[in-house]
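Architecture and fold: a report
One letter stands for each residue in the lines below.
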Amino acid sequence: MKKERLDKYVSNQLNISRSAVRTGIMSGKASVNGETVKNPAAPIDCEADTVFYSGNKIEYKKYVYLMLNKPAGIITASSDKSRKTVLDLVPYELRRKDLAPVGRLDKDTTGLLIITDDGEFAHKCISPKSNIEKSYIVELDGDITEDVITSFRNGVTLADGYICKPAKLFDLGNRQARVVITEGKYHQIKRMFGVFSLGVNALHRESFGSLKLPPDLGEGECAEIGESAQKLII
Ligand code: URA
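These notes cover the structure that comes with them. Starting from 1, residues in each chain are numbered consecutively following that chain's sequence as written. Local features in this predicted model are restricted to residues of pLDDT 70 or higher, and side-chain atom pairs are both shown and tallied only at a pLDDT of 80 or more, whereas totals for entire chains, interfaces and linings draw on every residue. Side-chain metrics in this entry use all non-hydrogen atoms of the structure; hydrogen atoms and water are not considered.

Regarding the overall build of the protein
- The secondary structure listing takes helices from DSSP runs of H or I that are at least 4 residues long and strands from runs of E that are at least 2 residues long, numbered from the N terminus. Scanning the protein from N- to C-terminus turns up six helices and 15 strands.
- A globule of 234 residues ought to have a C-alpha radius of gyration of about 17 Å, yet the protein, at 22 Å, is considerably larger.
- For the protein, the spread of C-alpha atoms along the principal axes amounts to about 70 × 35 × 35 Å.
- Across the 234 residues in the protein, those meeting the buried criterion constitute 44%.
- Here the analysis covers contacts within the protein between residues at least 6 apart in sequence; of these, 65% occur between residues at least 24 apart. Put simply, the radius of gyration uses C-alpha atoms, and a globule should come to 2.2 Å times the residue count raised to 0.38. Here the term buried applies to any residue with accessible area under 20% of the maximum for its type, exposed to any over 50%, and partly exposed to those in between, with areas from a 1.4 Å probe on protein chains only. Contacts: residue pairs with any heavy atoms within 4.5 Å of one another.

Below, the structure is given as structure tokens:
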């Protein structure tokens with residue numbers, strides 16, 4: 001049983017400021033199990049109580065899980081003084097206080113980014129111990145040789161001496177490739193190709209574990225994936 005104050009519960013679930021909710025509750029906008037409750041500090045059993053606010057039933061969600069088709073030009077951060085972040089692309093009705101991106105895609109990288117307020121799940125997703133496969137489509141400025149494919153399979157040694165875990169590299173022709181890695185070091189794929197003097201012109205993440213970016217989710221669009229999506233990832 002998870003207990004929470006009524007004002008905190010309504011504020012978190014509906015993404016309305018705590019002060020606005022408090023005023024609303026005191027003016028009689030909230031009911032719990034059919035009774036009007038005007039005390040913002042009244043304790044709520046999050047899972048068992050039926051709460052209405054402004055005449056609408058609140059469907060309790062402990063956590064929110066979203067996938068974003070990240071466009072280029074947006075930074076992966078929770079907040080920034082001047083630049084637009086991936087959280088600015090989350091529709092208002094899906095916003096929650098503690099939402100944060102899971103891991104990081106570079107500013108110019110596009111594709112699948114998971115966003116959640118479930119910190120434990122996020123941690124498992126990015127932990128190297130979880131060994132989650134992430135698949136990317138990459139456009140290069142040169143041709144892929146057998147030597148590059150073999151080196152990726154054996155573990156590329158980056159310029160700073162770090163030895164990457166074995167990665168899969170499939171040549172798709174026309175200087176395009178699919179790369180599958182299980183770790184997420186800073187600029188990892190760009191640095192891996194850099195070892196072979198290959199520049200990355202475009203990078204797009206198509207899947208995270210077994211979770212694939214749906215073809216009908218347009219660039220900049222966000223969709224709720226629900227808790228069941230966890231099974232596809234970890
Ligand atoms: N590797 C990179 O170089 N950049 C990304 O955004 C993701 C993986």
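After presenting the structure, the write-up continues.
Concerning the site of the ligand
- One heavy atom within 4 Å of a molecule or strand is enough for the residue carrying it to be called near that molecule or strand. Close to the ligand lie Leu105, Asp106, Thr109, Tyr136, His187, Gln188, Ile189, Lys190 and Leu203, which account for all nearby residues.
- Pairing of N or O atoms within 3.5 Å defines a polar contact, subject to two protein rules: one partner must be a possible hydrogen donor and the other a possible acceptor, and residues neighboring in sequence count only if both atoms are side-chain atoms. Within the side chain of threonine 109, one N or O atom sits 2.8 Å away from an oxygen atom of the ligand.
- Against a free-state accessible area of 240 Å², the protein chains account for coverage of 96% of the ligand.
- For the shell around the ligand, the leading source of residues is helix α5 (residues 188–194), giving three residues.
- Residue classes follow a fixed rule: Ala, Val, Leu, Ile, Met, Phe, Trp, Tyr, Cys and Pro count as nonpolar, while Asp, Glu, Lys and Arg count as charged, and any other residue, Gly among them, counts as polar. Residues that form the shell around the ligand fall into these classes: four nonpolar, three polar and two charged.
- Both of domain 2 (65–128 + 211–233) and domain 3 (133–208) provide at least three residues apiece to the shell around the ligand. Surface accessibility follows the Shrake-Rupley procedure with a 1.4 Å probe radius. Residue values consider only the protein chains on display as shielding. For the domains described, the bounds stem from an automatic or database domain assignment.

Re the pairing of strand β10 (residues 134–140)
- By the criterion of burial, β10 is predominantly enclosed, with six of the seven residues buried.
- Here β10 runs beside strand β13 (residues 200–208); their pairing, made up of seven bridges, is antiparallel. In the sheet register, isoleucine 137 faces β13, and the bridge partner there is histidine 204. Whether two strands pair depends on DSSP finding at least two bridges between them.

Side note on the side chain of glutamate 183
- Among the structural elements, glutamate 183 can be located in the loop between β12 (176–181) and α5.
- Asp and Glu count as negative and Lys and Arg as positive, but His and the ends of the chain are not part of the count. The term salt bridge refers to a pairing of a side-chain nitrogen on Lys or Arg with a carboxyl oxygen on Asp or Glu at a separation within 4 Å. This buried residue, glutamate 183, is left without a salt bridge; lysine 185 holds the nearest opposite charge, at 5.0 Å.
- Polar contacts involving the side chain of glutamate 183 include one to the main-chain amide nitrogen of lysine 165, which spans 2.7 Å.

Some thoughts on unusual backbone geometry
- The phi angle at asparagine 33 is positive, at roughly 50°, despite the residue not being glycine.
- Looking at where asparagine 33 falls in the secondary structure, it is placed in the loop between β2 (30–32) and β3 (35–36).
- Phi at serine 197 is positive, roughly 55°, even though this residue is not glycine.
- In this structure, serine 197 sits in the loop between α5 and β13.
- A relative accessible area of 66% places serine 197 in the exposed class.

So, helix α4 (residues 146–154)
- Every buried residue of α4 is listed here: Val148, Ile149, Ser151 and Phe152. All buried residues of α4 project into a common sector of 165° when viewed along the axis, lining one side. Exposed side chains of α4 directed beyond 90 degrees from the buried face belong to Glu146, Asp147 and Asn154.
- Of the surrounding secondary structure, the elements contacted by the buried residues of α4 are β11 (168–173), β12 and α5.
- Two residues or fewer after α4 comes glycine 155, characterised by a positive phi angle close to 105°. Along the arc lie the directions from the helix axis toward the C-beta atoms.

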